[in-house]
Amino acid sequence: MQEEKDFIKELLNPRTQNVAFQKLLRDFQKPLYNHIRSIVLNHDDADDVLQNTFIKVFQYLKDFKGDSKLFSWMYRIATNEAITFINNKAKRNGTTSEAMQTKIVENLQSDVYFDGNEIQIKLQKAIAQLPEKQQLVFKMKYYEEIKYENMSEILGTSVGALKASYHHAVKKIEDFMKTN
């Protein structure tokens, strides 16, 4: 924990900031991109959201209290940025975020960065049908293998509620896969 506090001091110190921020990018860019991509699905959108995430991290780092791990705090920012992105995109298109997710899944097959097969497309369609919280929990557990305790820190939800959300999500996905 002291190591993380020292790293945060380096990030905040104008003399060590550039080197520390390069390390932050090197260490967290890929996992944050993967997390964001699992929410927004589109590569270009994920890049935009990732950039916004790092801007917010840099902008608000001075307010970071250390109540959670730096990674959890950054993950929370990335999650909120991705959800905000989807909601804003839906508003601009005059639709709901659920309908927007469904449309994004339908466009996945033409995304050159998506190399999934028909079953993966079907899984994405099933996930898009879930409520937002269940989508997040399912993606974080299934794709990113995040432990419930870490997820709880990121999403601000109890471990029990997260386990229930995951269980409900899996059941709904199974039902969707069987009926479609």
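Below is a summary of the structure that appears in this document. Here the structure is a predicted model, which means the values were calculated and not measured.

Considerations on the pattern of salt bridges
And step 1. Following the criterion strictly, the structure yields four salt bridges and no others.
And step 2. Between Lys-171 and Asp-175 there is a salt bridge, with the nearest N and O atoms lying 3.2 Å from each other. A residue pair is termed a helical-turn pair when its members lie 3 or 4 positions apart in one helix, as Lys-171 and Asp-175 do in helix α9 (residues 159–179) at four residues.

Section: the nonpolar core
And step 1. Core analysis: the largest hydrophobic core is formed by 53 residues, its most contacted members being Leu-24, Val-40, Leu-70 and Met-74.
And step 2. Ranked by the residues each element gives to this core, the list is headed by helix α4 (residues 70–92), at eleven residues.
And step 3. With sequence-adjacent residues up to four places away left out, Met-74 is seen in contact with Leu-24, Phe-28, Leu-32, Thr-53, Phe-54 and Val-57.

Focus on helix α8 (residues 148–155)
And step 1. What α8 keeps buried is the set Tyr-148, Met-151, Ser-152, Ile-154 and Leu-155. All buried residues of α8 fall inside an arc of 165° around its axis, so they share one side.
And step 2. Residues of α8 that are buried make contact with α4, α7 (132–142) and α9.
And step 3. Just beyond α8, the residue with positive phi is Gly-156, at close to 65°.

Structural notes on the packing of aromatic side chains
And step 1. Inspection of every chain in the model, using the stated rule, returns ten aromatic pairs.
And step 2. Seen in terms of ring centroids, Phe-28 and Phe-71 are 5.5 Å apart; in terms of plane orientation they differ by 25°. Their pairing is stacked. Here Phe-28, found in helix α2 (residues 17–40), pairs with Phe-71, found in helix α4; they are 43 residues apart in sequence, far enough to count as distant.
And step 3. With relative accessibility at 27%, the residue Phe-71 sits in the partly exposed group.
And step 4. Three or more aromatic residues joined by ring pairs make a cluster, and in this case those are Phe-138, Tyr-142, Tyr-143, Tyr-148 and Tyr-166.
And step 5. Directly above the ring of Phe-7 sits Lys-23, whose terminal nitrogen or CZ lies 5.7 Å from the centroid.
And step 6. Positioned above the aromatic ring of Tyr-148, the side-chain terminus of Lys-141 is 4.6 Å from the ring centre.

Quick notes on the rules
Residues numbered from 1 in each chain as written. Predicted model: local features only at pLDDT ≥ 70, side-chain atom pairs only at ≥ 80, totals over all residues. Heavy atoms only, no water. Salt bridge = Lys/Arg side-chain N within 4 Å of Asp/Glu carboxyl O. Helix = DSSP H or I, 4+ residues; strand = E, 2+ residues; numbered from the N terminus. Core = buried A, V, L, I, M, F, W, Y, C linked by side-chain atoms within 4.5 Å. Buried < 20%, exposed > 50% of the residue type's maximum accessible area, 1.4 Å probe, protein only. Contact = heavy atoms within 4.5 Å. Arc of directions from axis to C-beta. Phe/Tyr/Trp six-rings, centres within 6.5 Å; stacked < 30°, edge-to-face > 60°. Lys NZ or Arg CZ within 6 Å of the ring centre and 35° of its normal.

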